[in-house]
Amino acid sequence: MTGTETALGYEQARDELIEVVRKLEAGGTSLEDSLALWERGEELAKVCRHWLEGARARLDSALAGRDGSGADSGAGAED
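How each quantity is defined
- Residues numbered from 1 in each chain as written.
- Predicted model: local features only at pLDDT ≥ 70, side-chain atom pairs only at ≥ 80, totals over all residues.
- Heavy atoms only, no water.
- Helix = DSSP H or I, 4+ residues; strand = E, 2+ residues; numbered from the N terminus.
- Buried < 20%, exposed > 50% of the residue type's maximum accessible area, 1.4 Å probe, protein only.
- Contact = heavy atoms within 4.5 Å.
- Core = buried A, V, L, I, M, F, W, Y, C linked by side-chain atoms within 4.5 Å.
- Salt bridge = Lys/Arg side-chain N within 4 Å of Asp/Glu carboxyl O.
- Expected span 1.5 Å × (residues − 1).

**Q** Explain the overall build of the chain to me, and be specific about the residues and the numbers.
**A** When helices and strands are tallied, the chain shows three helices and zero strands. Listed N to C, the secondary structure of the chain is α-α-α in terms of helices and strands. Scored against the burial criterion, the 79 residues of the chain give a buried share of 13%. In the chain, the share of contacts with a sequence separation of at least 24, taken over all contacts with a separation of at least 6, comes to 67%.

Below you can see the structure in the form of structure tokens.
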């Protein structure tokens, strides 16, 4: 990810991604514009994924600390 993408917050990236998907679904854009939108959507999805993975790690850490055991009690079983 570039510095610009990492500077985006989760909500900002998500909202822009929603707009990109809306434009792609609406159609009516040239192939070149559609490809540019697709590429931007991929970048935004990476930003969202990065934020969500970080939030998941923080949650897992907090839950492990609360346990006192520090053991991974099935977290990630749904991954």
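**Q** I'd like a rundown of the nonpolar core, residues and numbers included.
**A** Formed by Leu8, Ala13, Val20, Leu37, Leu44, Val47 and Cys48, the largest nonpolar core amounts to seven residues. Counting only elements with at least two residues in this core, the list comes to helix 2 (10-26) and helix 3 (31-67). Tallying contributions element by element places helix 3 first for this core, with four residues. Contacts of Val20, omitting those with residues within four sequence positions, involve Leu37, Arg40, Gly41 and Leu44.

**Q** Can you explain the pattern of salt bridges? Please cite residues and give values.
**A** According to the stated counting rule, one finds five salt bridges in the structure shown. Close ionic contact of Glu16 with Arg40 constitutes a salt bridge, the shortest N to O distance being 2.8 Å. Residue Glu16 is located in helix 2, and its partner Arg40 is located in helix 3; the two are separated by 24 residues in the primary sequence. Glu16 sits in the partly exposed class, given a relative accessible area of 29%. Several salt bridges share partner residues, and in doing so they unite Glu16, Arg40 and Glu43 into one network.

**Q** Outline helix 2, supporting the account with residue identities and numerical values.
**A** Because each turn of an α-helix spans 3.6 residues, side chains separated by three or four positions end up pointing in the same direction. Under the 1.5 Å per step criterion, the end-to-end length of helix 2 is 24 Å for 17 residues, consistent within 8% with the ideal 24 Å. Following helix 2 by one or two positions, Gly27 adopts a phi angle in the positive range, close to 75°.

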